[in-house]
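# Analysis of the macromolecular model
In case you want the letters, here they are:
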Amino acid sequence: MDAFSDIAFFSLLIKHGSLAAAAQQIGVTPPAVSKRLAAIERRLGVRLLQRTTRRIRLTPEGETYLVEGARVMQELEALERTVSGGQAVPKGLLRVCATLGFGRKHVAPVLSRFARRFPDVEVQLHLTDRPVNLVEQGFDLQLRFGELPDARLTARLLARNRRVLCASPAYLRRAGEPASPRELAQHACLFIRESEETFGTWHLRAGARTETVKVRGPLASNDGECVFQWALDGHGILMRSLWESAPMLRSGRLRTVLPEWSLPSADIYAVFPTRSHLSAKTRALVDFLMEAFEANRLDEEGGW
């Protein structure tokens, strides 16, 4: 097997996450996949993967081989595209990850339309609220909230996403409306437990004024839809992105709390490993997403 073929094989193995899954995709037996991986490692003189019965994990050398190998393959694709004088046709497997709620409501419908326009691309959408390592887990693209966690990644702003405090009219009639951020400490507040934020601490700003408030409440979950429903049921005040809360605010089922105060934004980005050339399939999806969310990106207030 030549080096280019080995790079493509190794990339496919990482994308599928196990020897058995890669073997099924290629159409060979798991021992055959294991034998080929061992041959590559012998040729290179290093171990590329730490293997257990349940999972595979990149070694530092394996991560370099994956990232730099992808760059080499992209440069080869660009060279062939230049020589042929044509554009590469988007095709092949494209692995995408997004958060549960946003992925289900907003990403999946866009991918449905993308699949019709690009029938040669096989898209696998993985929804999770756990941290994702794009390189190690073999994803081509991630839709994530907030700033980049890794200098090896490139991001394009997909949509503005303002967050608001809101509560049901029933709760506000019963408990009263807070007149300042400090009064939030006397209210029942509902939480979504997210790893990137300090649990129970809310940061608010009005012009040059800033307030950091420790809040507490009766209910919390790592699932945003559960917490959102608790707010609708009148259990307390919720901090939530406009992509989910806007319809309920427009209908009157929820009301904005402390509207003159702003919260840290959670803008949405399309994130992919940094490379000199994006593959045709990844470029096609990024462009498709940018077009689909254009109105939400241009709205400086993050409206949905």
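Report on the accompanying structure. (Residues numbered from 1 in each chain as written. Predicted model: local features only at pLDDT ≥ 70, side-chain atom pairs only at ≥ 80, totals over all residues. Heavy atoms only, no water.)

### Concerning the pairing of strand E9 (residues 201–206)
Each regular strand carries side chains that alternate between the two faces of the sheet. What counts is decided by this rule: DSSP-based pairing: two strands are paired if at least 2 bridges between them are found. The way it works is that DSSP assigns letters per residue, a run of H or I at least four long becomes a helix, a run of E at least two long becomes a strand, and they are numbered from the N terminus.
Inspection of the sheet shows E9 paired to strand E10 (residues 209–214) by six bridges, in the antiparallel sense. Opposite Trp 202, over in E10, you have Val 213 as the bridge partner.

### Regarding the packing of helix H8 (residues 224–232) against helix H9 (residues 242–251)
Definition in use: Angles run from 0 to 180 degrees between N-to-C directions of axes, and those axes are lines fitted to C-alpha atoms, restricted for helices to the stretch in contact. Throughout this description, any angle smaller than 35 degrees is read as roughly parallel, any larger than 145 degrees as roughly antiparallel, any in the 65 to 115 degree range as roughly perpendicular, and the remainder as oblique. Crossings are assigned a handedness: left-handed for a near helix turned anticlockwise from the far helix by less than a right angle, right-handed for a clockwise turn. In this description, contact between two residues means that some pair of their heavy atoms is separated by no more than 4.5 Å. Each residue gets one label: Ala, Val, Leu, Ile, Met, Phe, Trp, Tyr, Cys and Pro are nonpolar, Asp, Glu, Lys and Arg are charged, and the others, such as Gly, are polar.
One can describe the packing of H8 onto H9 by two numbers: an axis separation of 12 Å at closest approach and a directional angle of 20 degrees. Accordingly, the angle class assigned to the pair H8 and H9 is roughly parallel. Relative to H9, the crossing made by H8 is right-handed. Residues Gly 224, Glu 225, Phe 228 and Leu 232 of H8 form the contact with H9, whose participating residues are Glu 244, Ser 245 and Met 248. The residue makeup of the contact of H8 with H9, split by class, is three nonpolar, two polar and two charged.

### Focus on the sheet that holds strand E11 (residues 220–221)
Taken in spatial order, the five strands line up as E11-E8-E12-E7-E13 in an open sheet, and their pairing is mixed. For this open sheet the edge positions go to E11 and strand E13 (255–257), each flanked by a neighbour on one side alone. In the sheet, strand E7 (residues 163–167) pairs with strand E12 (residues 237–241) via four bridges, with the strands oriented antiparallel. In the sheet register, Leu 165 faces E12, and the bridge partner there is Met 239. Strands strand E8 (189–192), E11 and E12 of the sheet are contacted by H8, whose axis makes an angle of about 165 degrees with E8. Most of the contacts of H9 go to E12, to which it runs at about 120 degrees, and overall it touches E7, E12 and E13.

### Here's the deal with the packing of aromatic side chains
Selection rule: The rule is short: rings of Phe, Tyr and Trp, with Trp giving its six-membered ring, pair when the centres are within 6.5 Å, and they are stacked under 30 degrees, edge-to-face over 60, tilted in between. Categorising residues by exposure relies on relative accessible area from a 1.4 Å probe, with only protein chains included: less than 20% of the type maximum marks a residue as buried, more than 50% marks it as exposed, and the intermediate range marks it as partly exposed. Only Lys NZ and Arg CZ are tested; either one counts as a charge over a ring when it is within 6 Å of the ring centre and within 35 degrees of the ring normal.
Counting across every chain of the model gives eight aromatic pairs. Seen from their ring centres, Phe 102 and Phe 145 are 5.5 Å apart, and the 80 degrees between their planes marks the pair as edge-to-face. Highlighted residues: Phe 102 in helix H5 (residues 100–117) and Phe 145 in strand E5 (residues 141–145), separated in sequence by 43 residues. A single burial state applies to Phe 102 and to Phe 145, both of which are buried. Positioned above the aromatic ring of Phe 139, the side-chain terminus of Arg 95 is 4.3 Å from the ring centre.

### A short note on the packing of helix H1 (residues 3–16) against helix H2 (residues 19–26)
The interhelical angle for the contact between H1 and H2, taken along N-to-C directions, is 120 degrees, at an axis separation of 8 Å. Our classification of the angle between H1 and H2 gives oblique. When the axes of H1 and H2 are compared, the crossing they make is right-handed. Of H2, the residues touching H1 (which contributes Phe 9, Leu 12, Leu 13 and His 16) are Leu 19, Ala 21, Ala 22, Gln 25 and Ile 26. Split into classes, the residues belonging to the contact of H1 with H2 amount to seven nonpolar, two polar and no charged.

### Some points on empty space enclosed by the protein
The condition is simple: Note on definitions: the grid is 1 Å and covers protein atoms alone; a cavity is a set of points where a 1.4 Å probe fits but cannot get out; a pocket is an open set with protein on both sides within 12 Å along at least five of seven lines; lining residues have an atom within 4 Å of a point. Grid points are joined across faces, edges and corners, and a volume is the space filled by probe spheres set on the points.
If you walk through the whole model with that rule in mind, you get one cavity of 30 Å³ or more. Of the voids in this model, the largest cavity is the one considered here, and its volume is about 30 Å³. In this structure, the largest cavity is lined by Ile 7, Phe 10, Ser 11, Tyr 65, Leu 66, Gly 69 and Ala 70. Contributions of two or more residues to the lining of the largest cavity are made by H1 and helix H4 (60–84). For the lining of the largest cavity, the element with the most residues is H4, which contributes four residues.

### Section: the side chain of Ser 168
To be explicit about the condition: In the analysis that follows, any N or O atom pair within 3.5 Å is treated as a polar contact, provided that within protein one partner can donate a hydrogen and the other can accept it, and provided that, for residues neighboring in sequence, both atoms belong to side chains.
Looking at where Ser 168 falls in the secondary structure, it is placed in the loop between E7 and helix H7 (169–175). Taking the relative accessible area as the measure of exposure, Ser 168 reaches 3% and is therefore buried. Among the polar contacts listed, one links the side chain of Ser 168 to the backbone nitrogen of Tyr 171, at a separation of 3.1 Å. Sequence-distant contacts of Ser 168, defined by excluding residues within four places in its chain, comprise Ala 231, Leu 232, Gly 234, Arg 253 and Leu 254.

### Comments concerning the nonpolar core
As a reminder of what qualifies: Working definition of a nonpolar core: buried Ala, Val, Leu, Ile, Met, Phe, Trp, Tyr and Cys residues. They are joined through side-chain atoms within 4.5 Å.
Formed by 32 residues in total, the largest nonpolar core has its most connected members in Phe 102, Leu 141, Leu 143, Leu 285, Leu 289, Phe 293 and Trp 304. Within the residue set of this core, elements represented by two or more residues are strand E3 (92–98), H5, E5, strand E6 (153–159), H9, strand E14 (268–273) and helix H10 (280–292). Per-element accounting of this core gives the leading share, six residues, to H10. With sequence-adjacent residues up to four places away left out, Leu 143 is seen in contact with Val 96, Cys 97, Ala 98, Thr 99, Val 107, Leu 158, Tyr 269, Ala 270 and Leu 289.

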